[in-house]
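What follows is each chain in one-letter form.
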Amino acid sequence: MSAAQAAGAAATVRFHKELYDEQAIADATATFADYARFGVRGEGDHFVVDISDLDSEIEGDIVAEFCNFALANSAALRRNDG
Amino acid sequence: MAQSQIEQLDPASSTLVLSLDVDLYSRDVLYAAAYVFIDRAYILLDRDADRYMVRMRAKQKMPDETMRAMAGEFENELLAQALREQVGKANQAIIEGITALAISGATAVAESHADGPGLDGFVDDPKGLGAPWQNKEEAPEG
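Bear in mind that the values here come from a model prediction, so they are computed numbers and not experimental data. (Residues numbered from 1 in each chain as written. Chains lettered and ligands numbered in written order. Predicted model: local features only at pLDDT ≥ 70, side-chain atom pairs only at ≥ 80, totals over all residues. Heavy atoms only, no water.)

1. Focus on the sheet that holds strand β2 (residues 37-43) of chain A
Residues and elements named next belong to chain A.
- Here three strands make up an open sheet; going across it, the order is β1-β3-β2 and the pairing antiparallel. Two strands bound the open sheet, and with one partner strand each, they are β1 (11-16) and β2. Going from strand to strand, the sheet's axes swing by 20° on average, the running direction of each strand aside.
- Bridge count for β2 against strand β3 (residues 46-52) is seven bridges, and the pairing is antiparallel. Its bridge partner lying in β3, Gly 39 is registered against Asp 50.
- Its contacts with the sheet place helix α2 (residues 62-81) against β1, β2 and β3, and it is angled at close to 20° to β1. (Pairing = 2+ DSSP bridges. Helix = DSSP H or I, 4+ residues; strand = E, 2+ residues; numbered from the N terminus. Axes fitted to C-alpha atoms, helices over the stretch in contact; angles between N-to-C directions. Contact = heavy atoms within 4.5 Å.)

2. Concerning the pattern of salt bridges
All names here are of chain A.
- Scanning all chains against the criterion turns up nine salt bridges over all chains.
- Between Glu 43 and Arg 14 there is a salt bridge, and its shortest N-O distance comes to 3.1 Å. Of this pair, Glu 43 sits in strand β2 while Arg 14 is found in strand β1, placing the two residues 29 residues apart along the sequence.
- In this structure Arg 14 comes out as partly exposed when scored by relative accessible area, which is 37%.
- In this structure, Arg 41 engages Glu 43 in a salt bridge whose closest nitrogen and oxygen atoms are separated by 2.6 Å.
- Among the ionic contacts, a cluster of salt bridges with common partners joins Arg 14, Arg 41, Glu 43 and Asp 50. (Salt bridge = Lys/Arg side-chain N within 4 Å of Asp/Glu carboxyl O. Buried < 20%, exposed > 50% of the residue type's maximum accessible area, 1.4 Å probe, protein only.)

Okay, here's the thing in structure tokens:
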């Protein structure tokens, strides 16, 4: 993905279950719900997130920002859980 | 295999993949180090057998040397966070003791003033100095 998404573009991201919390991913999908459609499923050691209908009007990389949010949320949840 | 090493470096896409031995750093240390770089790069963590894979893509285009420097910085950050974690664990009992003492002290002070003056130390306000001046000016005369 470059500066802006192609209209209706799609992507798939795999988050390792040991490193990413399911709730953290769900929170990140809620944060970005206005800019794309998200489908989360478990597949072996990973949560697989299918991202579609990316908003082409948005400047920046929605998929990459979404990954950063999922990481930050996972770290925060783990810190709060102690 | 080295404990940490650059697996992939692509200046064209400003992408860097770093692999780390899972026994080298805790998951909390990995999170903490990654968090430091979140404003400069897009980060995706993964695990491949006994290696953590850290995929970083710089938000700004970077030449090869700068990317290598970023990889080095990340490794330094891992070390710093590991030390921080170790110091935190070593001092946890002391920190908890001091915090408990501070909270119990504050509770005792609040209880001793429960029937006395407020927290600002004033017993009463006979001249109405505590009232906001706007209210005084807006009040109808007479």
